[in-house]
Amino acid sequence: MNRLRGGLAGQTRAGVQRWLPASVRAYLRCNAQVLISSLGRLYRSPISTLMTAAVIGIALALPTGLLVLLDNLERVSIGWDGSATISLFLEQSLDDEAADALAAQLRNSPQIQDVRHIRRSEALEEFRALSGFGEALNSLEDNPLPAVLVVKPSEAYSGADAAQALAETLHARPEVDMAQLDLQWVQRFTALMEIGRRGILVVGALLGLAVLLIVGNTIRLDIQSRRSEIEVTKLIGATDAFIRRPFLYTGLWYGIFGATLAWMLVELSFWLIADPVEYLAGLYQSSFLLRTFDLGQIANLLLMGATLGLAGSWLAVGRHLNAIEPR
Amino acid sequence: MIRFDNVSKRYPGGYDALRALSLHLERGQMAFLTGHSGAGKSTLLKLIALIERPSSGQILIDGQNLSRLPRRRIPFLRRKLGIIFQDHHLLLDRTVFDNVALPLVITGLGHREIGRRVRAALDKVSLLGKERAFPLTLSGGEQQRVGIARAVVHKPPLLLADEPTGNLDPELSREIMALFEQFNQVGVTVLVASHDLDLISRLPYPILTLRH
């Protein structure tokens, strides 16, 4: 059985080789050779390769790290989105029974999932305990605090606009003095995050451009130092594609190395701040953990690096290679 | 193989390197090209390799009209040529083997085939033992022979040489010329530019003399 399978595999491989036209095979072989040889060339000058990769890595790490940080902040706020609540501050004149009745009435509304009644006395107790004004409150004759109904809209009315509309309807009731939608600061937070995201995109675009120029310049110097080699290969009958190829692959490698380095830098930075973040989360009774990359994001980062590297070398190659002609 | 019809070449600045030159070299022929320096020997070879384009006139190489050859086809014309330079133009950071393999590598030939042909070419110029050496460790004559091996490794139908014996002593020059004769005997068209009249006039091949 094993022998049979081995025989089939061998046959398939030979079959593929035979089916591919010779020109395609030559093309693939050329590319594979140059892919490896350009890597070897970089390996032979490790210091300068590392320096270029480091510059690219730092330039990529900055926006990437900020984006990951932003993702984490958004994850913190995910729990808030669903918990949009409307606080109804009732008229002072309403007593507990009337408030209870109102709460019961609201509970039956299809728009509302739940209502919690904070009685005036409870509100006062809570305020006394938390505010530190206990002594001062004791001297008051009357309870100055209104009763509060904390309304949790049903799922369909949890969205920002629907919840806002619901708050306004409730506000229109005569028993209600004031309706406050607690979504507001979630919205503000989301808006701030959006500004942050845009800002990071701008910084990212600028740094991406920087990577493009860094790779372009490195490749330009590489082209200049290999001038005689380019002249000779052109004289021997190398096509432009053949001459271009090693430089393009070199740029590709720079991009991939830079992206890998950026990945490592971000992981390192997050590892450094993980402990304090855990401590802070502990203070909020949260088990929040910093998350860095998942596989898709790593793939994206590498792809981004590779694309920038390739594009940078394209720029340099297009500009400088044609200028070199044998004399 | 090579046909020039009324070819002129004027360099920017008004210098006329060639004026209304016509010549015809048949397939399988060997010829020398001579003339005092500045007579246009190098220009003529450069026109054949399309390093320069003529100002006027027509050049046909292997039946192909060069003036109608678009830029992207130039590499494929050059693959029909083997060019030998006076200063050999070897890549100093690569071994003899890699230098000679270059014309085969650019055509995308397989590894094993490249090795076989490179060794055959090096054997032809008696440098088989030096394939791992770097060009700078070789003598002038050996470097020139590496250049020749590189020019013939892909079996071009036309061999051009620009002062191939310029830096060599008479003994080595004769060896180099003998090599060219061997290639010619197997059907390669050979055009050698040289001002070594002593040497070339003793050989039984036509001599084209450029006069300015």
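As the structure is a computational prediction, the values presented were derived from the model and not from experiment.

Peer 1: Describe helix 1 (residues 41-48) of chain B, with residues and values.
Peer 2: Residues and elements named next belong to chain B. The buried fraction of helix 1 amounts to six of the eight residues, a majority that puts the element mostly inside the structure. Among the residues making up helix 1, those that are buried are Lys41, Thr43, Leu44, Leu45, Leu47 and Ile48. Of the residues flanking the end of helix 1, it is leucine 50, one or two places downstream, whose phi is positive at about 60°.

Peer 1: How would you summarise empty space enclosed by the protein if you had to cite specific residues and measurements?
Peer 2: On inspection of all chains with the given rule, the structure shows one cavity of 30 Å³ or more. Contributing elements (two or more residues each) for the lining of the largest cavity: helix 9 (227-236) of chain A together with strand 6 (81-84) and helix 5 (140-152) of chain B. Looking at which element gives the most residues to the lining of the largest cavity, the answer is strand 6 of chain B, with three residues. Of the residues contributing to the lining of the largest cavity, the split by class is seven nonpolar, two polar and one charged.

Peer 1: Just give me the short version of the side chain of glutamate 142 of chain B, but keep the residues and values in it.
Peer 2: Residue and element names in this part refer to chain B. Relative to the assigned elements, glutamate 142 resides in helix 5. Taking relative accessible area as the criterion, glutamate 142 reaches 16% and is therefore assigned buried. In contact with glutamate 142, not counting residues within four places along its chain, are Leu127 and Lys130.

Peer 1: Before we move on, can you summarise the sheet that holds strand 4 (residues 176-181) of chain A with the specific residues and values?
Peer 2: Either a parallel or an antiparallel arrangement is found when strands of a sheet pair, and the pairing is made through backbone hydrogen bonds. Residue and element names in this part refer to chain A. Taken in spatial order, the four strands make up an open sheet running 2-3-1-4, and their pairing is antiparallel. The sheet is open, and its two edges are formed by strand 2 (112-118) and strand 4, each paired on a single side. For this sheet, the mean angle separating the axes of adjacent strands, direction not counted, is 20°. With four bridges joining them, strand 1 (residues 86-90) and strand 3 (residues 148-153) adopt antiparallel strand pairing. When the bridges of strand 3 are listed, phenylalanine 89 appears paired with valine 148. Helix-sheet contacts for helix 7 (residues 160-171) involve strand 1, strand 2, strand 3 and strand 4, and the interaxial angle to strand 4 is about 170°.

Peer 1: If you had to explain the interface of chain A and chain B to someone new, which residues and values would you point to?
Peer 2: Listed by partner, the interface residues are 22 residues for chain A and 23 residues for chain B. Interface area for chain A against chain B, summed over the two sides, is near 1800 Å², with a carbon-plus-sulfur share of 59%. Ranking the residues of chain A by area buried against chain B places Val232, Leu235 and Ile236 of chain A at the top, with a combined share of 32%. Viewed at the interface, chain B and chain A are joined by three salt bridges. Here glutamate 229 of chain A ties to arginine 94 of chain B by a salt bridge, and the two come within 2.3 Å at their closest N and O atoms. Our count for the chain A to chain B interface comes out at five residue pairs in polar contact (both at pLDDT 80 or more). Contributing elements (two or more residues each) for the side of chain A that touches chain B: helix 2 (22-44), helix 9 and helix 10 (240-283) of chain A. Sort the elements by how many residues they give to the side of chain A that touches chain B and helix 9 of chain A lands first, with seven residues. By residue class, the composition of the side of chain A that touches chain B is eight nonpolar, six polar and eight charged.

Peer 1: How would you sum up the layout of surface pockets? Please name residues and give values.
Peer 2: As a volume, the largest pocket reaches approximately 900 Å³. Along the wall of the largest pocket there are 26 residues; nearest its centre are Ser37 of chain A together with Arg94, Asp98, Leu102 and Val105 of chain B. Secondary structure elements with two or more residues in the lining of the largest pocket: helix 2, helix 9 and helix 10 of chain A together with helix 3 (96-105) and helix 4 (111-124) of chain B. A per-element tally of the lining of the largest pocket places helix 2 of chain A first, with eight residues. Considering only residue class, the lining of the largest pocket consists of 13 nonpolar, six polar and seven charged.

Cut-off values and rules
Residues numbered from 1 in each chain as written. Chains lettered and ligands numbered in written order. Predicted model: local features only at pLDDT ≥ 70, side-chain atom pairs only at ≥ 80, totals over all residues. Heavy atoms only, no water. Buried < 20%, exposed > 50% of the residue type's maximum accessible area, 1.4 Å probe, protein only. Helix = DSSP H or I, 4+ residues; strand = E, 2+ residues; numbered from the N terminus. 1 Å grid on protein atoms, 1.4 Å probe; cavity = no way out; pocket = protein on both sides within 12 Å on 5 of 7 lines; lining within 4 Å. Points joined across faces, edges and corners; volume = space filled by probe spheres on them. Nonpolar A, V, L, I, M, F, W, Y, C, P; charged D, E, K, R; others polar. Contact = heavy atoms within 4.5 Å. Pairing = 2+ DSSP bridges. Axes fitted to C-alpha atoms, helices over the stretch in contact; angles between N-to-C directions. Buried area = accessible area lost by both parts, 1.4 Å probe. Salt bridge = Lys/Arg side-chain N within 4 Å of Asp/Glu carboxyl O. Polar contact = N/O pair within 3.5 Å; in protein donor to acceptor, adjacent residues only side chain to side chain.

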